Amino acid sequence: MANTYQLDIVTPEGLVFSEPIEHLRAPGIEGSFGVLVGHTPFMTSLTIGKVDLMQNNKQRALATSGGFIEVNPDRAVILAETAEFVEDIDLDRAEAALQRAKDRIEGKQLDTDLNRAQVSLGRAVNRISIARMTR
Ligand code: ATP
């Protein structure tokens, strides 16, 4: 049996990745999990976090937010709200987004959507930590 399976990563903006891989690790809402070829079918939601891929024995990482994954023995599909490979993360942009979110949360204006600001802060912190960890 082949030791690879097809992985598609799709966001509302389009197809981010569509290639065979050996392994992935994804941030499920109930914890991080790994998927090898031949995995039992399942589906779960994903949190803001890091997706690690093993392809041709090389590791690649993406910052992702939200969405879900569908796993089948020969194919997995990640439908994420956002997904950027670590090398595509714009650190300055993420730091500016973090500062904006902090200002909104600390400013506590009556019209602030606190939940939205916190999720935005989470995406920014995730991008920054993944970019720093791997550069
Ligand atoms: P910003 O306020 O900087 O747009 P955001 O968290 O609101 O940050 P998102 O809504 O999560 O942005 O993402 C919008 C689009 O921009 C997505 O396609 C996402 O992949 C991309 N994106 C957002 N931040 C970055 C970043 N720091 N580096 C690279 N791509 C990013």
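Parameters at a glance
Residues numbered from 1 in each chain as written. Predicted model: local features only at pLDDT ≥ 70, side-chain atom pairs only at ≥ 80, totals over all residues. Heavy atoms only, no water. Pairing = 2+ DSSP bridges. Helix = DSSP H or I, 4+ residues; strand = E, 2+ residues; numbered from the N terminus. Axes fitted to C-alpha atoms, helices over the stretch in contact; angles between N-to-C directions. Expected span 1.5 Å × (residues − 1). Buried < 20%, exposed > 50% of the residue type's maximum accessible area, 1.4 Å probe, protein only. Contact = heavy atoms within 4.5 Å. Domains from an automatic or database assignment. Buried area = accessible area lost by both parts, 1.4 Å probe. Salt bridge = Lys/Arg side-chain N within 4 Å of Asp/Glu carboxyl O. Near = heavy atom within 4 Å. Polar contact = N/O pair within 3.5 Å; in protein donor to acceptor, adjacent residues only side chain to side chain. Areas by Shrake-Rupley, 256 points an atom, 1.4 Å probe, with all protein chains shown as cover. Nonpolar A, V, L, I, M, F, W, Y, C, P; charged D, E, K, R; others polar.

**Things to note about the sheet that holds strand β8 (residues 68-72)**
- A sheet is described by the order of its strands in space; here five strands give the open sequence β2-β1-β9-β8-β5, paired in mixed fashion. The outermost strands of the open sheet, each flanked by one partner alone, are β2 (14-21) and β5 (42-45). When strand polarity is set aside, the average angle formed by the axes of neighbouring strands in this sheet is 10 degrees.
- As paired strands, strand β1 (residues 5-11) and strand β9 (residues 75-79) are joined by five bridges and run parallel to one another. Bridge assignment links Val10 to a residue of β9, and that residue is Leu79.

**Looking at helix α2 (residues 114-134)**
- Between its first and last C-alpha atoms α2 spans 30 Å; for 21 residues at 1.5 Å apiece the expected length is 30 Å, and the two agree.
- Along α2, the positions that sit buried rather than exposed are Ala117, Ser120, Ala124, Asn126, Arg127, Ile128, Ile130 and Ala131.
- Buried residues along α2 sit against β6 (49-55), β7 (58-65), β10 (82-85) and α1 (91-107).

**Examining the domain arrangement of the protein chain**
- Partitioning the protein chain into structural domains gives domain 1 (5-86) and domain 2 (89-134).
- Once you take the C-alpha centre of each, domain 1 and domain 2 turn out to be 23 Å apart.
- Taken residue by residue, the interface counts eleven residues in domain 1 and ten residues in domain 2.
- Carbon and sulfur atoms supply 67% of the area that domain 1 and domain 2 bury against each other, a total of about 810 Å² over both sides.
- Where domain 1 packs against domain 2, one counts one salt bridge.

**Some words on the site of the ligand**
- Taken together, Glu13, Thr82, Glu84, Asp88, Ile89, Asp90, Arg93, Ala94, Ala97, Arg100, Arg123 and Arg127 form the complete shell of residues around the ligand.
- Measuring from a nitrogen atom of the ligand, one finds a backbone N or O atom of Asp90 at 2.8 Å.
- Between Arg123 and the ligand, the recorded distance is 2.8 Å, taken from a side-chain N or O atom to an oxygen atom.
- Protein contacts shield 74% of the accessible area of the ligand, which totals 590 Å² for the unbound molecule.
- When residues of the shell around the ligand are assigned to their parent elements, the largest contribution, four residues, is made by α1.
- In terms of residue class, the shell around the ligand is built from three nonpolar, one polar and eight charged.

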